[in-house]
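# Structural overview for review
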Amino acid sequence: MNLRLITALLLAFGLWLTADLSIAQSAGYGQVQTGTDQVTLTRWALQHIMARHWPDSTATGAGKFQAGITEASLRDMINEAVHNGRARRNTHGRSGTIYEYDFQRQIGTTIDGGPASRLRVVVSNRNEVITAFPF
Amino acid sequence: MHLDYRLNEDTETDWSSVTEEDLRYRVALGNLLFHVGDKDFSADWGWIPLVDLAASFAEIVRKLEGGSPSETFEFTESDAWVRFQKKGEKVLVSSSYGEGVAEIALHSVSAAVKSFRERLRSELDRRHPQAAHNQAVRKLLGAA
């Protein structure tokens, strides 16, 4: 095998690796690892959560995340809640699963403005986050 | 018992493709108007998915009529709740955000919830004609 052929094979292998990595990265956007399973935080779900539960949201009657929350830290909290939280079936005909986890520290405020340490995450049967909020 | 709603304006939703999950969490949002006697369990938060609430209340009534001693409605975006506890043929209504406990006959709750669903379905059909043909709407609010 001459040097040119080896170089070509290495180049092709490198391109394949790069292509594979980019797919993993694009598919990985918003995904939250949960051991063997993973739930996905879609752009739509993130917007839904931000509109109602972000610190600057004007929505009333909804828990708010603490100032400084980021997409990354939200993903981390969802990960922890889904991984370690108490799971129960969604209620009254709503599909999916509810996960609740107490972080033992303030993560936001309740609907009354008091400190909230717990997170509720609602996950669809397709393993997509529907909503998440402190309480 | 007064059970009513205020539906937000919505010009963005494509009602031909609305899913059950959309109806449960994202569309047909508004306020709950809910009085029992002199107790007020209304919630004017503006984000309450009203089709979900109508379907959930109907499910709660079915369960209470089927013998369940207590059912709790959980709002979708907070830990707020409304509880219905059976006491003979009556129901005690309480909430996490309103004061006091109200008492009302179960058949009155059932009638109010049925009326709520029918009025909401009619208003959605009127405002958004495509909603009348949407399977998820028909499933949650019943066929017209």
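All values reported here derive from a predicted model rather than from experimental measurement.

Buried accessible area, meaning the area lost when the parts come together, often serves as the stated size of an interface. At the interface, 18 residues of chain A touch 18 residues of chain B. Secondary-structure elements contributing two or more residues to the side of chain A that touches chain B are helix 2 (43-53) and strand 9 (129-134) of chain A. The element contributing the most residues to the side of chain A that touches chain B is strand 9 of chain A, with 3 residues.

Our focus in this paragraph is the packing of helix 2 (residues 50-65) of chain B against helix 3 (residues 106-127) of chain B. Residues and elements named next belong to chain B. The interhelical angle for the contact between helix 2 and helix 3, taken along N-to-C directions, is 150°, at an axis separation of 10 Å. Judged on the interaxial angle alone, helix 3 and helix 2 are roughly antiparallel. The interaxial crossing formed by helix 2 with helix 3 has left-handed handedness. Where helix 2 abuts helix 3, its residues L50, V51, A54, F57, A58, V61, L64 and E65 lie against L106, V109, S110, V113, F116, R117 and L120. Of the residues belonging to the contact of helix 2 with helix 3, the class tally is 12 nonpolar, 1 polar and 2 charged.

All names here are of chain A. What the 3 strands build is an open sheet, ordered 3-6-7; its pairing is antiparallel. Here the strands that pair on one side only, and so sit at the sheet edges, are strand 3 (64-65) and strand 7 (115-116). Bridge analysis of strand 6 (residues 108-109) against strand 7 gives 2 bridges, and the strand direction is antiparallel. Note that in strand 7 the partner of T109 across the bridge is P115.

Attention now goes to the confidence of the model for chain B. When pLDDT is averaged across chain B, the result is 97; 99% of the residues are at 70 or more. Scored by ipTM, the complex comes to 0.93, with pTM at 0.86.

This part covers helix 2 of chain A. Looking at helix 2 of chain A, one finds that the buried residues are A45(A), I49(A), R52(A) and H53(A). Within helix 2 of chain A, the buried residues cover an arc of 80° as seen down the axis, which keeps them to one side. Opposite its buried face, helix 2 of chain A presents the exposed residues R43(A), W44(A) and Q47(A), each directed more than 90 degrees away. As for helix 2 of chain A, its buried residues are in contact with strand 3 and strand 9 of chain A together with strand 4 (43-49) of chain B.

Our focus in this paragraph is helix 3 of chain B. Residues and elements named next belong to chain B. The end-to-end C-alpha distance of helix 3 is 32 Å, a good match for the 32 Å that 22 residues give at a rise of 1.5 Å each. The set of residues buried in helix 3 consists of V109, V113, F116, R117, L120, R121 and L124. Seen from one end, helix 3 has its buried residues packed into an arc of 125°, which puts them on one side. Those residues of helix 3 that are exposed and angled more than 90 degrees off the buried face are S115 and R126. Against strand 1 (2-7), helix 2, strand 7 (90-95), strand 8 (102-105) and helix 4 (135-141) lie the buried residues of helix 3.

What counts and what doesn't
Positions within a chain are numbered from 1, following the residues in the order the chain's sequence is written. Whichever chain is written first becomes A and whichever ligand is written first becomes 1, with later ones labelled in order. In view of the model being predicted, local features appear only for residues whose pLDDT reaches at least 70, and side-chain atom pairs are presented and counted only at 80 or more, with totals across whole chains, interfaces and linings using the full set of residues. Whether two residues are in contact depends on their C-beta atoms, placed from the backbone: they are in contact if these lie within 7 Å. In this description a helix means any DSSP run of H or I spanning at least four residues, a strand means any run of E spanning at least two, and both kinds are numbered starting from the N terminus. Inter-axis angles, ranging from 0 to 180 degrees, are taken between N-to-C directions of lines fitted to C-alpha atoms, where helices are fitted over the stretch in contact. Any angle from 65 to 115 degrees is called roughly perpendicular, while one under 35 is roughly parallel, one over 145 is roughly antiparallel, and all others are oblique. Helix crossings are classified by the rotation of the near helix relative to the far one: an anticlockwise turn of less than a right angle makes the crossing left-handed, while a clockwise turn makes it right-handed. Under the grouping applied here, Gly and all other residues not named as nonpolar or charged are polar, the nonpolar ones being Ala, Val, Leu, Ile, Met, Phe, Trp, Tyr, Cys and Pro and the charged ones Asp, Glu, Lys and Arg. Strands are treated as partners if at least two bridges between them are detected by DSSP. pLDDT is defined as a per-residue confidence score from the predictor, taking values between 0 and 100. Think of it as a crowd count around each C-beta: if 20 or more other C-beta atoms lie within 10 Å the residue is buried, if 12 or fewer it is exposed, and in between it is partly exposed, with C-beta placed from the backbone throughout. The directions considered for the arc run from the helix axis to the C-beta atoms. Multiply 1.5 Å by the residue count of a helix minus one, and that product is the helix's expected span.

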